[in-house]
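# A closer look at the structure
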2 protein chains.
Amino acid sequence: MKAFHRSSDAVRGPNFYRAALAVALAAMAPALAADSLTGPLVLKAQGSFFVGGVTEHTDATTGTPGGFLFPNPDDIQVNQMYVQYQIPEGAGRHVPVVLLHGCCLSGKTWETTPDGRMGWGEYFVRKHHAVYIPDQSSRARSGFDATTINEVRLGTQPPSALPNIFTFGRNGAWQLFRFGPAYPAVFSDEQFPVEAIDEFGKQVIPDLNSTLPTPNPTYANLAALAVKLNGAILVGHSESGFFPEEAALTNPAGVAGLISIEGVCTTNLSAEQIATLAKIPTLVIYGDHLGDVPSVSGFWLGFFQGCQQYVEQINAAGGDATMLHLPDAALFGNSHMLMQDKNNLQVADLILKWINQHVERE
Amino acid sequence: MKAFHRSSDAVRGPNFYRAALAVALAAMAPALAADSLTGPLVLKAQGSFFVGGVTEHTDATTGTPGGFLFPNPDDIQVNQMYVQYQIPEGAGRHVPVVLLHGCCLSGKTWETTPDGRMGWGEYFVRKHHAVYIPDQSSRARSGFDATTINEVRLGTQPPSALPNIFTFGRNGAWQLFRFGPAYPAVFSDEQFPVEAIDEFGKQVIPDLNSTLPTPNPTYANLAALAVKLNGAILVGHSESGFFPEEAALTNPAGVAGLISIEGVCTTNLSAEQIATLAKIPTLVIYGDHLGDVPSVSGFWLGFFQGCQQYVEQINAAGGDATMLHLPDAALFGNSHMLMQDKNNLQVADLILKWINQHVERE
């Protein structure tokens, strides 16, 4: 894996161009300061596309035999992964960042926070990284395969064939995501904007991953995306915390860095798998209050311990893995949704620093 | 409804600022020409938020009794509408545009086309309009209420209670969307990028509108969005072709203009409803080959005729409604997905001209 080095398009060009730019910068600094948090955002490009996907023949496209003008048997696309991206002016050789959401959420995770502040998606763009935000295969704009649900409705499959649609409500989220010991009690140093809990609840959408084949196509789709980008840092969160590693085990060619946020680390990997992952700089991040919500403390402390073990395994194999437990960096009160916490940009700055030191190696 | 007038932030300010800007423009035209199709895109702001949504108590959040640490009974958010937006530098008083997708699709409709060209979302931003792109309530990043599906799985509801999940495949889309008479035959002047049919198929996702209460909450959500924006043009397509009108009938306060693309017009409105709608400039758009796909020609010709009747009703009530049948404007071969057709920006230019003349009234 080559190291990535920073360069800036903004200082290239002939003297005339540079002189004119200096005048422009003096008069119009806000319009050009791409790393300002408040000035205009200057994009070189943006858009969206799909990675992966296969054609599947289905007998039940509409759920109603002979319904609404459509032939019921038809060929549909399934398992594709929707990806939205922005490339800032002056990204230079900064490594692209892929931000993948967790369970029962979508790419919205990385956008405007529930209380209206800037999310990591735009922040990383303003910090000169191209940013790619997928919806997991079978979620949100990636769509899902409704065939089984339609077949149960048509009577050709039993109700037991229905997928386990995974979602959760306010009370479940409050505890599992460590906003406080139980709704509506809040930790005194809680960083999640709990006043916007219902706005957060609107981001919580049904998770249909149980409709997917094994292995989850999102792994290969992430790996293919990294190859397409000619190198990218893959970031997973919660349910998808270990998806970046799974992508690298599928095909490490494009994976420049691995960041696992508040996920479950796999601790029973083979020596060969560990060797593959040890070639890629890895950062594991956990927030605060891991043992402070009675109903889920065993859950979080166990995951944290598993990830500590994983980091040790990678380093023992000659790798470069870092465990960032935010309280150790003097950031306290962070929830499971740390990319939306009130100090979310401070957490992002720690990631940017790690990218700089471990992936781009300035 | 007040008329909207164009102004440009870029020419405001003291002489010094203007002089410096002139130098900058000379040297860096690509970086500042926001209406260029190839230069950088300069955004004043971007982000996402939800409109609407209610708290619902559900007995089945996970689909598995006692499953995975979550209490099954919980309070979830339903009926909300996800909205993503971009505001260009220099939008001035240009009217914001809300672009709403149709059946079995998402906000992706308005982004990069299946063959990789610029979509209307970015194009309207480059033409100085703030653009708001929702996912309909119950679709994509807006999520949906999975309670009934989970209840059928749990055995507390019969399979007949399952929602009619609406979707379609390649053959259905090919005919209904008029890419040609039947897959894979193409009209000689077809404008849809049929070589990217499978990429288009990846945009087609299950439509769960049948899980929604009546009236569809998207109507009120659109109306609330228009009010929040202090005036907006609402654009609907196909399934949502008449949603802008439904929004205006819910609350016309924020609706500055109505654009219905290839949808079904309601022709049995009351005089009072017609009077409400006649106060808002209206544009109805249809593409080509309406009668040329044997399996659906009655369908499209009937809808077109209904919309012609609707336009006449609005104008008879003193309104300002325009029927734009693209072949009448010398644009031929346009499909149902005209915002993705090869000449999509030419079609957009006709809309921009209409906005200029009928809504902003220059």
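Structure's up top.
Structural notes, computed from the coordinates. Numbers given to residues run from 1 along each chain, matching the order in which its sequence is written. Just so you know, chain letters begin at A and ligand numbers begin at 1, following the order they were written in. Thresholds applied to this predicted model are a pLDDT of at least 70 for local features of residues and 80 or more for the giving and counting of side-chain atom pairs; totals over whole chains, interfaces and linings are not thresholded and use all residues.

## Things to note about the overall build of chain A
Only runs of H or I of at least four residues qualify as helices and only runs of E of at least two qualify as strands under DSSP, and these elements are numbered from the N terminus. In terms of regular secondary structure, chain A is built from 10 helices and 10 strands. Exposure classes come from backbone-placed C-beta atoms, where a residue is buried if 20 or more other C-beta atoms lie within 10 Å of its own, exposed if 12 or fewer do, and partly exposed in between. Expressed as a percentage of its 362 residues, the buried residues of chain A come to 54%. Two residues qualify as being in contact provided that their C-beta atoms, derived from the backbone, are within 7 Å of each other. Within chain A, contacts between residues at least 6 apart in sequence are counted, and of these 73% link residues at least 24 apart.

## Some points on unusual backbone geometry
Of all residues except glycine, most have a negative phi; of all peptide bonds, most are trans. Cis peptide bonds are those with omega within 30 degrees of zero, and the linkage from A:Thr214 to A:Pro215 qualifies with -5°. Residue position: A:Pro215 is located in the loop between helix 5 (197-203) and helix 6 (217-228). With a phi close to 60°, A:Asn230 is a non-glycine residue in the positive phi region. Here A:Asn230 shows up in the loop between helix 6 and strand 7 (232-237). Unlike most non-glycine residues, B:Arg178 shows phi in positive territory, near 60°.

## What about the nonpolar core?
Generally speaking, soluble globular proteins have nonpolar side chains that are buried together. By definition, a nonpolar core groups buried Ala, Val, Leu, Ile, Met, Phe, Trp, Tyr and Cys residues that connect through C-beta atoms lying within 7 Å of each other. Within the largest apolar cluster, 185 residues are counted, with the highest numbers of intra-cluster contacts made by A:Val98, A:Ile233, B:Val98 and B:Ile233. Once you skip the residues sitting within four places of it in the chain, B:Val98 turns out to touch B:Tyr132, B:Pro134, B:Leu222, B:Leu225, B:Ala232, B:Ile233, B:Leu234 and B:Val235.

## Some remarks on the packing of helix 7 (residues 243-250) of chain B against helix 8 (residues 271-278) of chain B
All names here are of chain B. Axis lines are fitted to C-alpha atoms, over the contacting stretch for helices. Their N-to-C directions set the angle, which ranges from 0 to 180 degrees. Running from N to C, helix 7 and helix 8 point in directions that differ by 105°, and their axes come no closer than 10 Å. Regarding the angle of helix 7 to helix 8, the classification is roughly perpendicular. Of the residues in helix 8, those in contact with Glu245, Ala248 and Leu249 of helix 7 are Gln273, Thr276 and Leu277. In this classification, the charged set is Asp, Glu, Lys and Arg, the nonpolar set is Ala, Val, Leu, Ile, Met, Phe, Trp, Tyr, Cys and Pro, and all remaining amino acids, among them Gly, are polar. In terms of residue class, the contact of helix 7 with helix 8 is built from three nonpolar, two polar and one charged. When describing relative orientation, an angle under 35 degrees is termed roughly parallel and one over 145 degrees roughly antiparallel, while 65 to 115 degrees is termed roughly perpendicular and anything else oblique.

## Concerning the environment of B:Ile285
All names here are of chain B. Relative to the helices and strands, isoleucine 285 is located in strand 9 (residues 282-286). Considered as a pair, isoleucine 285 and leucine 105 are 180 residues apart in the sequence and their alpha carbons are 19 Å apart. Sequence-distant contacts of isoleucine 285, that is, excluding residues within four places in its chain, are made with Ile261, Glu262 and Leu324.

## With respect to the pairing of strand 10 (residues 321-325) of chain B
Residues and elements named next belong to chain B. Here, a strand pair is defined by DSSP locating no fewer than two bridges between the strands. Note that strand 9 and strand 10 share five bridges and pair parallel. Considered in strand 10, the bridge of threonine 282 is made with alanine 321. In this fold, the crossover linking strand 9 to strand 10 by way of helix 9 (residues 297-316) has right-handed handedness. Handedness of a crossover is defined as follows: orient the strands so they point away from the viewer, and if the path from the first strand over the helix to the second runs clockwise, the crossover is right-handed.

## A word on the packing of helix 6 (residues 217-228) of chain B against helix 7 of chain B
The description of two helices packed together rests on the angle between their axes and the distance between the axes. Residues and elements named next belong to chain B. Axis separation between helix 6 and helix 7 bottoms out at 8 Å; the angle between their running directions is 70°. On the basis of the axis angle, helix 6 is roughly perpendicular to helix 7. Contacts from Thr218, Tyr219, Ala220, Leu222, Ala223 and Ala226 of helix 6 reach helix 7 at Phe243, Pro244, Glu246, Ala247 and Thr250.

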